[in-house]
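# Analysis of the macromolecular model
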Amino acid sequence: MTGTVVAMGGGGFLAGDPVSPLDDLLLELSGRARPHVVFLPTAAGDSASALDAFHAAWGARPCTRDAVCLFGIPDRPAERVAAADVVVVAGGSTANLLALWRLHGIDAVLRDLWSGGAVLGGVSAGANCWFEACVTDSFSVELDGLEDGLGLLPGSFCPHYDGGERRRPVYRRLVASGFPGGIACDDGAAAVFTGTALTEVVADRPDAHGHRVSAAGEERVPARLLAR
């Protein structure tokens, strides 16, 4: 059995939408009446605002929940993550997220969860992390390619494809120069993978799409509009 990844280009509760259908989709895909959701705010430095947003948005949903922090004195983080049916990952620094997860063994736990059929998802850094490579602002505002992801999914990912003037040209330039090709998502769109296969692109707004990017160019992937 292999799990599901929902890689969001932008949106969801951390973008100020506490009733986002993108977040609802994570619960739906779990197939459970009341799944256990674990939030990893690592990329945001375990910020209080991210934690507050999670509890406010997910407290009203049909699930149990836990937020696992790695800053300060961690409290059995790998054990608590391993109990998840759904993992939600915050945006922020992809590079910092990966470093801390590896230090605390979270990377191995997430791989086991995915192999066992769990649903893994997140926005921006929380989407980048599942791929072999990504476009990130972890090192500079100019954006860089990072080829050090968890590698559950092949190729690369670029979030916020329509949300910043540098995202599209930087990703296109990187891929044209030999960086792994992959998929980009606009703000409000998400790429859904079952195992390593792209199942569909979904969106919470009609003007959000996915985009396949290769050395040959770019191809839009129409998105299924989620109902609110």
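Going by the structure above, here's the rest.
Criteria and thresholds
- Residues numbered from 1 in each chain as written.
- Predicted model: local features only at pLDDT ≥ 70, side-chain atom pairs only at ≥ 80, totals over all residues.
- Heavy atoms only, no water.
- Helix = DSSP H or I, 4+ residues; strand = E, 2+ residues; numbered from the N terminus.
- Buried < 20%, exposed > 50% of the residue type's maximum accessible area, 1.4 Å probe, protein only.
- Lys, Arg positive; Asp, Glu negative; His and termini not counted.
- Salt bridge = Lys/Arg side-chain N within 4 Å of Asp/Glu carboxyl O.
- Polar contact = N/O pair within 3.5 Å; in protein donor to acceptor, adjacent residues only side chain to side chain.
- Contact = heavy atoms within 4.5 Å.
- 1 Å grid on protein atoms, 1.4 Å probe; cavity = no way out; pocket = protein on both sides within 12 Å on 5 of 7 lines; lining within 4 Å.
- Points joined across faces, edges and corners; volume = space filled by probe spheres on them.
- Nonpolar A, V, L, I, M, F, W, Y, C, P; charged D, E, K, R; others polar.

### Topic: the side chain of Asp23
Assignment of secondary structure puts Asp23 in helix H1 (residues 21-30). Buried and unpaired, Asp23 has Arg61 as its nearest opposite-charge partner, separated by 4.3 Å. Reaching out from Asp23, the side chain makes a polar contact with the backbone nitrogen of Phe13 at a distance of 2.9 Å. When sequence neighbours within four positions are dropped, the list of residues in contact with Asp23 reads Met8, Gly12, Phe13, Asp17, Trp58 and Arg61.

### Things to note about unusual backbone geometry
For Ser124, which is not a glycine, the phi torsion comes out positive at approximately 60°. In this structure, Ser124 sits in the loop between strand E5 (119-123) and helix H6 (125-128). On the basis of relative accessibility, which here comes to 13%, the residue Ser124 falls in the buried class. One non-glycine residue, Leu143, adopts positive backbone phi at about 80°. Note that Leu143 resides in the loop between strand E6 (131-136) and strand E7 (144-146). Look at Leu143 and you get buried, because its relative accessible area is 8%.

### Topic: the pattern of salt bridges
A side chain of one charge can pair with a side chain of the opposite charge when the charged atoms of the two come close. The final tally for this structure, using the stated rule, is 15 salt bridges. Between Arg228 and Asp17 there is a salt bridge, with its nearest N and O atoms 2.7 Å apart. Of this pair, Arg228 sits in the segment after strand E14 (224-225) while Asp17 sits in the loop between strand E1 (4-8) and H1, and the two are 211 residues apart along the sequence. On the basis of relative accessibility, which here comes to 16%, the residue Asp17 falls in the buried class. Where Arg205 meets Asp204, a salt bridge forms, and the shortest distance between an N and an O atom there is 2.8 Å. Overall, Arg205 belongs to the partly exposed group, its relative accessible area being 33%. The buried category is assigned to Asp204, whose relative accessible area is 9%. The network of salt bridges with common partners includes Asp66, Asp75, Arg76, Glu79 and Arg80.

### Topic: empty space enclosed by the protein
Across all of its chains, the model carries 1 cavity of 30 Å³ or more by this definition. Of the voids in this model, the largest cavity is the one considered here, and its volume is about 50 Å³. In terms of lining, the largest cavity is formed by Met8, Gly11, Gly12, Phe13, Leu14, Asp23, Val88, Val89, Gly122 and Val123. For the lining of the largest cavity, the per-class residue count stands at 6 nonpolar, 3 polar and 1 charged.

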